[in-house]
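Descriptive structure summary
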Amino acid sequence: GESVGLHLPTLSVQEGDNSIINCAYSNSASDYFIWYKQESGKGPQFIIDIRSNMDKRQGQRVTVLLNKTVKHLSLQIAATQPGDSAVYFCAETGGGADGLTFGKGTHLIIQP
Amino acid sequence: AAGVIQSPRHLIKEKRETATLKCYPIPRHDTVYWYQQGPGQDPQFLISFYEKMQSDKGSIPDRFSAQQFSDYHSELNMSSLELGDSALYFCASSEGSDRVNYGYTFGSGTRLTVV
């Protein structure tokens, strides 16, 4: 079946560096994409979202890029901080009350 | 700001018992979603409700059922519990609008342990 997946299960970066987390999706009907951060034992926390009619969206220290041609989504975190350590999931949906399809998480590890 | 409230936070049940999980969405959110997350796994969509009607169905076992009430809170009923049902169960809510839902927000989850 169609799914959303991440390229790497673990990403280790130095504190202060920029982090890039990638995601590939296969459902061409997806029109809404969300990045979530999840800390151990907690619920997914919304980071940033993007709709299919956009290719870039920026938030505070985060940027999401969407390439619909190759069905690729990325999350860029600027100046990574220790508090950014978590598992990051991308998720997609066709909209409405459809459930989200999550990709496999990427564990972001921050090295001092 | 009000968030999605789930209760209980932790629940321990024996095999073949039943469990009921509750979810109170953010005020004015009319859509509720249930997800199951096993250890080290990504959340898996179970079921959703929009305006008190079932809207979308995912990988919810037949032993589970759910409903959304007039005040928009939702309950997930789980029967004949199995060891494999041990997981974190998350509820999320959003404001439905013309097939584009805004503000997906997750609760803190209920950790169900079946022994």
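Quick summary incoming for the structure in this document. Residue positions are given per chain, counted from 1 along the sequence in the order it is written. Whichever chain is written first becomes A and whichever ligand is written first becomes 1, with later ones labelled in order. Restriction of local features to residues with pLDDT of at least 70 applies here, the model being predicted, together with a cutoff of 80 or more for giving and counting side-chain atom pairs; totals for whole chains, interfaces and linings are based on all residues. Only heavy atoms go into the side-chain values, all of them from the structure, while hydrogens and water stay out.

1. Details of the overall build of chain B
Selection rule: Numbering of helices and strands starts at the N terminus; helices are DSSP runs of H or I of at least 4 residues and strands are runs of E of at least 2. C-alpha atoms define the radius of gyration in this analysis, and the globule rule sets the expected value at 2.2 Å times the number of residues to the power 0.38. Each residue is assigned to one of three classes by its accessible area relative to the maximum for its type, calculated with a 1.4 Å probe on protein chains only: buried under 20%, partly exposed between the two thresholds, exposed over 50%. Residue contacts are counted whenever heavy atoms from the two residues lie within 4.5 Å of one another. Surface accessibility in these figures is a Shrake-Rupley result with a 1.4 Å probe; residues are shielded only by whichever protein chains are displayed. Neither His nor the chain termini are counted; the positive set is Lys and Arg, and the negative set is Asp and Glu. One atom stands in for each charge, and that atom is NZ of Lys, CZ of Arg, CG of Asp or CD of Glu.
Each helix and strand in chain B was counted, giving zero helices and 11 strands. At 13 Å, chain B has a C-alpha radius of gyration in line with the 13 Å of a compact globule built from 115 residues. C-alpha extents for chain B along the principal axes are approximately 40 × 30 × 25 Å. By residue count, 46% of the 115 residues in chain B fall in the buried class. Looking at chain B alone, contacts between residues at least 24 apart form 54% of all its contacts between residues at least 6 apart. Element-wise, carbon and sulfur atoms account for 47% of the exposed surface of chain B, whose accessible area totals about 5700 Å². Side-chain charges in chain B split into 11 positive and 13 negative, and the spacing between the mean points of these groups amounts to 5 Å.

2. Here's the deal with the packing of aromatic side chains
Quick note on the threshold: Think of it this way: a Phe, Tyr or Trp ring, Trp meaning its six-membered ring, pairs with another when their centres are within 6.5 Å, and the plane angle makes it stacked under 30 degrees, edge-to-face over 60, tilted otherwise.
Taken as a whole and judged by the stated rule, the model has 12 aromatic pairs over all chains. Note on A:Y32 and B:Y104: the rings are 6.1 Å apart at their centroids and 25° apart in plane angle, and the pair reads as stacked. Residue A:Y32 is located in strand 4 (residues 32-38), and its partner B:Y104 is located in strand 10 (residues 102-106); the two belong to separate chains. The class of B:Y104 is buried, set by a relative accessible area of 1%. Summarising the aromatic geometry, the rings of B:Y35 and B:F106 are spaced 5.3 Å apart at their centres and angled 50° between planes, so their arrangement reads as tilted. Highlighted residues: B:Y35 in strand 4 (residues 31-37) and B:F106 in strand 10, separated in sequence by 71 residues. The residues B:Y35 and B:F106 share a single accessibility class, namely buried. An aromatic cluster is defined as three or more aromatic residues linked by ring pairs; in this entry it consists of A:Y36, A:F89, A:F102, B:Y35, B:F45, B:F90 and B:F106.

3. Here's the deal with the pairing of strand 7 (residues 64-68) of chain B
Residue and element names in this part refer to chain B. Note the threshold: Note: two strands are recorded as paired if DSSP finds a minimum of 2 bridges between them.
Burial along strand 7 is one-sided: F64, A66 and Q68 are buried, while S65 and Q67, pointing the other way, are not. When strand 7 meets strand 8 (residues 74-78), the two strands line up antiparallel, connected through five bridges. Among the inter-strand pairings, Q68 is bridged to a residue of strand 8, identified as S74. Between the antiparallel neighbours strand 7 and strand 8 lie five residues, among them Y72 with a positive phi of about 75°.

4. Some words on the interface of chain A and chain B
Interfaces are often sized by the accessible area lost when the parts come together. Stated precisely, the cut-off is as follows: Values labelled buried area give the accessible surface lost by two parts on being combined, using a 1.4 Å probe and summing over both. Each reported salt bridge corresponds to a side-chain nitrogen of Lys or Arg within 4 Å of a carboxyl oxygen of Asp or Glu. In protein, a polar contact means a hydrogen-donor-capable atom and an acceptor-capable atom, both N or O and within 3.5 Å, with residues adjacent in sequence counting only if both atoms are side-chain atoms; elsewhere, any N or O pair within 3.5 Å suffices.
The partner chain B presents 23 residues to the 22 residues of chain A that form the contact. Note on chain A versus chain B: buried area summed over both sides is about 1700 Å², and carbon and sulfur give 50% of it. Seen at the junction of chain A and chain B, the total is one salt bridge. Between B:D42 and A:K104 there is a salt bridge whose closest N-O contact spans 2.8 Å. Viewed at the interface, chain B and chain A are joined by four residue pairs in polar contact (both at pLDDT 80 or more).

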